[in-house]
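Close look at the chain arrangement
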Amino acid sequence: MAASVAAAAGQLRRAIRRSPAWPGPSCRPLSSGPPPAKAAAVRNAFLSFFRDRHSHRLVPSASVRPRGDPSLLFVNAGMNQFKPIFLGTVDPRSEMAGFRRVANSQKCVRAGGRHNDLEDVGRDLSHHTFFEMLGNWAFGGEYFKEEACSMAWELLTQVYGIPEDRLWVSYFGGDPKTGLEPDLECRDIWLSLGVPARRVLSFGLEENFWEMGVTGPCGPCTEIHYDLAGGVEAPQLVELWNLVFMQHNREADGSLQPLPQRHVDTGMGLERLVAVLQGRHSTYDTDLFSPLLDAIHQGCGAPPYLGRVGAADKGRTDTAYRVVADHIRTLSVCIADGVSPGMSGAPLVLRQILRRAVRFSTEVLRAPPGFLGSLVPIVVETLGDTYPELQKNSTQIVNLVSEDEAAFLSSLERGRRIIDRTLKRLGPTDMFPAEVAWSLSMSGNLGLPLDLVELMLEEKGVQLDSAGLARLAQEEAQHQVQQAEPVREHGLQLDIHALGELQRRGVPPTDDSPKYNYSLRPSGDYDFSACEAQVLQLYTEDGTAVASVGGGQRCGLLLDRTNFYAEQGGQTSDRGYLVPVGQQDVLFPVVRAQVCGGFVLHEAVAPECLQVGDRVQLHVDKAWRLGCMEKHTATHLLNWALRQTLGPSTEQRGSHLNPERLRFDVTIQAPLTPEQLRCVEDTVQQAVEQDEAVYMEEVALELTAHVPGLRCLDEVYPNPVRVVSVGVPVAQALDPASSAALQTSVELCCGTHLLRTGAVRDLVIIGERRLTRGTTRLLAVTGEQAQQAREVGQSLTQEVEAAVERYSRGNQDVAEAQRLSKDIGRLSDAVDTVMMPQWQRRELQATLKALQRRSNTVIRKLEVGQAAQKTQELLRQHSEGPVIVDTISAESLSDATPAFTAEAWALAVCSHMGGKAWGSRVVAQGTGSTADLDAVLNIARTYALNQL
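The rules behind the values
- All residue numbers here refer to positions counted from 1 along the written sequence of the relevant chain.
- Given that this is a predicted model, residues contribute local features only at a pLDDT of at least 70 and side-chain atom pairs are listed and counted only at 80 or more, while totals for whole chains, interfaces and linings are drawn from all residues.
- To obtain the side-chain values, all non-hydrogen atoms of the structure were included, while hydrogens and water were left out.
- UniProt positions are given in the numbering used here, feature names are shortened, and annotations may be inferred rather than shown by experiment.
- One bridge is not enough; two strands pair if DSSP finds at least two bridges between them.
- For helices the rule is a DSSP run of H or I covering at least 4 residues; for strands it is a run of E covering at least 2, with both sets numbered from the N terminus onward.
- The axes are straight lines fitted to the C-alpha atoms, using for helices just the contacting stretch, and the angles between their N-to-C directions are given from 0 to 180°.
- Each residue is assigned to one of three classes by its accessible area relative to the maximum for its type, calculated with a 1.4 Å probe on protein chains only: buried under 20%, partly exposed between the two thresholds, exposed over 50%.
- For patches, a residue must show more than 30% relative accessible area and have no salt bridge; joins then use 9 Å for like charges and 5 Å for nonpolar side chains, namely Val, Leu, Ile, Met, Phe, Trp and Tyr.
- To be clear on the numbers: accessible area is Shrake-Rupley with a 1.4 Å probe, and residue cover counts the displayed protein chains and nothing else.
- Definition used for salt bridges: Asp or Glu carboxyl oxygen within 4 Å of a side-chain nitrogen of Lys or Arg.
- For the purpose of charge, His is not counted, nor are the chain termini; Lys and Arg are scored as positive and Asp and Glu as negative.
- In plain terms, the charge of a residue is placed at NZ if it is Lys, CZ if Arg, CG if Asp and CD if Glu.
- When the centres of two rings from Phe, Tyr and Trp lie within 6.5 Å, Trp using its six-membered ring, the rings pair. Their planes under 30 degrees apart give stacked, over 60 give edge-to-face, and anything left gives tilted.
- Charge over a ring is defined by NZ of Lys or CZ of Arg lying within 6 Å of the ring centre and within 35 degrees of the ring normal.
- Throughout, a residue-residue contact means that at least one pair of heavy atoms, one from each residue, lies within 4.5 Å.
- Here the expected length of a helix is defined as 1.5 Å per residue gap, with one fewer gap than residues.

As recorded in an unreviewed UniProt entry, the chain goes by Alanine--tRNA ligase and comes from Erinaceus europaeus. Regarding the chain, the UniProt comment filed under Sequence similarities (unreviewed entry) reads as follows: "Belongs to the class-II aminoacyl-tRNA synthetase family. Alax-L subfamily."

This is the structure we're talking about:
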């Protein structure tokens, strides 16, 4: 028996990998009864079980675009959206703060980053870049190990009908090095549920201890595995369900501390569960994929899918089927959630996925152009009922996939031509230049995967300069580091233990409602009221709670109330100062305020002693706050103006603002034209000139659920939620019978705003950058900066018009034409870099580009005429001899037909003068120093005669 258990343990250890390949032959059906349940029924059964039998709240899947989590490229697990709960940072006013036991089916993508299954997809029968994770959670000790294990066992054996003898479990066996004890409680729970001891196995940290990251919540886990062999032969185990018991926190020093609150986090892959319940050999053989595989077969005319892998899959046909089926699901889900193929981060990974799908579909399956887009409706039909955003965005998904497929195929053809042209210049032993390969690659110009470039060269028997390529990659990495936006300083923060201690003591969240206590005077100035508060807790720079601070110490202050706006919702934090009550001449500068778990932490410098219990008076920096209010209201007007100009499908993807400028990311299908940019500005300006009232009111979150035109982001909003409406009272804007939200700006927003739009004064879009296909980032300024930008734009417009006038007069003088060309270049540099209206910049850039082109043509014609005239003079001066050697004074030479290389001739001459030369076969120039020009001319004449 010990031997059989050891053998099973070996099988289990091999099976417990991050995403193991589906082992063994096709598993036999679980029963000979009715047909197995469809995937949709399996998903619904999971959700109904936890909702109806165990009182779980069903929550929607989060977007695969991580919400405020820069550590992730994509949401890759069901627990991602609940991180604020695990970390103790959840807003106590939010709906999420009330979660106790929840369940859902979460869309997940594992490609790029730490969890990357991309290159494995297609090679085996189980890997996917997109999958659905079924999960149930218990927060704050709502239930723990016994209930979680019992529920899982009940669902698998009683609801899904999986025979108990096909299930194995593992638990954490402890780790002597870290002092962690075995999870015998979990082991005993499984034994009490009737699982035989021989099928309850223990493993170490790698297999059965789950960690969120380098630091943060973690704990032992128990896994339920399914035996594909069913007792007929040695166990063939695949993981079905992972139950994590979060009870520790990994500290920065690597140690483990108990969590203030314990949680349960479970995850079970739907695709694998469906394969088990449908008795299939592979996840690709289930009804989640069979419609796609059938559509691929019909659309390509390739041989039918047979599920082969490795050497048996000759021609990689079945591999291609799996790649295309998986990738089109990933592409559809990501684009529906606002992630489009692009050049960095998650968009770059998505671009790689799309181009990998195109390669396999065109090169292996011989699919016709536009084929991938034709598969999107199949994905929508399969998943759209569960994830309605697929149905809503189906047209956009088809368009983006088709456009990028066409662009890649065009790049592929251009790449082949460039390779062929380059090979013609190479010698038989030369390596293919790294610079050319780089220009073809994903990091270069055409976006061809490097492995594809290497394959294309391999087919032609040419070796790539790999060392040169590695050097270019290193240089690019260094460039990216230099060009990266500086990471914003996070400042002092409350960690999970500090938050837990505050909650244990019953300290209420900070009352920050005074941040909205400001008014507009008849003069047009704003009055920001001071706020008196009590010091509840003080923290040192390293986060240690202390009773007092002083002596110029940088510290954190937790108060019972505040009028400071803590950074959130894209608006930067307030600045200002506080003074101890009774000591008005002692100022404590406050440089930042941050909210964490409902507690606002003020980062300040303490010039003198301050103690817990002291009362202080807070004053915000009025100019700073007013600048933020101006930019935030302008952001809302910009959002509304974009929708008015481009249509209701335009959606905000993010924003950030400070007193200097605002940044706004928006989904648009094509680059904005200068006319559209100007129209957006004009629309904002109309609202500004009307000086409309800005209404703000807190309402119940449910009242905002079905308001046509209401703008909100993919964020967790508090309840009640604050509504900001321009020109229309909030109650009227939220009236279901009203269409007010379609006619003006109405948004959910916690930020601080102007009370009337007129104070914006003006808004100018000064920059735009396409982040991904379908997403553009706009930069804008307001007020005096906007007016200055318009003045600069007008001044440059006049200069460009003057240059056009100079050109139109014509010129017969080369020097004057060259001066005009230089002036055009100077103007182009100015237009490219100064702060001015972007629509005007684009128009001037187009004018200057055309003017520079025409100017260069004029210069070339004048130089040709000048060269012809000089040639006649030289012929008259040197009427005898086979070669003429003389000096010609010219800034550029563009016409010559030598019988030998000009560069070599110049080098031979300049080297005698201790100089150097450069150029081409036709034109060359050089530098050097000599006191005897005639001698140099003789050297040139001699070299030329020797070459003739």
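Read across the sheet, four strands follow the order β21-β22-β27-β26 without closing on themselves; strand pairing throughout is antiparallel. The outermost strands of the open sheet, each flanked by one partner alone, are β21 (651–657) and β26 (763–772). Pairwise comparison of adjacent strand axes, ignoring direction, gives a mean angle of 20° for this sheet. Direction of pairing for strand β22 (residues 662–667) relative to strand β27 (residues 775–782): antiparallel, over a ladder of six bridges. Directly across from L662, in β27, lies its bridge partner A780.

Turning our attention to unusual backbone geometry. The residue after N719, namely P720, is reached through a cis peptide bond having omega 10°. Topologically, P720 is positioned in the loop between β23 (694–699) and β24 (721–726). Look at S55: it is not a glycine, yet its phi comes out positive at around 55°. Take S55: it is sitting in the loop between α2 (39–53) and β1 (57–58). Taking the relative accessible area as the measure of exposure, S55 reaches 55% and is therefore exposed. Despite not being glycine, R761 has its phi angle at roughly 70°, a positive value. The residue R761 is located in the loop between β25 (746–748) and β26 in this model.

On the surface, a cluster of positive charge is made up of R414, R417, R421, K424 and R425. Checked against the element boundaries, R421 lands in helix α13 (residues 394–425). By relative accessible area, R421 is classed as partly exposed at 48%.

Before going further, it helps to spend a moment on the packing of aromatic side chains. Here a ring pair, both rings aromatic, is described through the centre-centre distance and the interplanar angle of the planes. Following the criterion strictly, the structure yields 16 aromatic pairs and no others. Ring centres of F82 and F99 lie 6.3 Å apart, and the angle between their planes is 70°; on these two criteria the pair is classed as edge-to-face. With F82 in the loop between β1 and α3 (83–87) and F99 in the loop between α3 and β2 (101–109), this pair connects stretches of sequence that are 17 residues apart. Across the pair, exposure class does not vary: F82 and F99 are buried alike. Against the face of W624 rests R575, its NZ or CZ located 3.7 Å from the ring centre.

We now examine the UniProt feature "binding site: Zn(2+)" (unreviewed entry) in the chain. Within the UniProt annotation, "binding site: Zn(2+)" (unreviewed entry) is assigned to H632, H636, C749 and H753. These annotated residues cover 122 residues of sequence, but their C-alpha atoms sit close together, with the largest distance between any two at 9.8 Å. The topology assignment puts H636 in helix α18 (residues 622–646). If near-sequence neighbours (up to four positions away) are discounted, H636 is found in contact with V724, S745, E747, C749 and H753. Within the element layout of this structure, C749 appears in the loop between β25 and β26. What makes C749 buried here is its relative accessible area of 10%. Setting aside residues up to four positions removed in sequence, C749 forms contacts with H632, H636, R722 and V724.

With 25 residues, α18 ought to run about 36 Å at 1.5 Å a step, and its terminal C-alpha atoms sit 36 Å apart, in line with that. Within α18, 18 of the 25 residues are buried, which leaves it mostly tucked inside the rest of the structure. Phi turns positive, to about 110°, at G647, one or two residues after α18.

Let us look at the pattern of salt bridges. By the definition in use, this model includes 43 salt bridges. Salt-bridge contacts for E651 lead to R653; the nearest nitrogen and oxygen are separated by 3.8 Å. Using a relative accessible area of 22% as the deciding quantity, one classes R653 as partly exposed. Shared partners join several salt bridges into a network, and the residues in it are E541, R554, R592 and E603.

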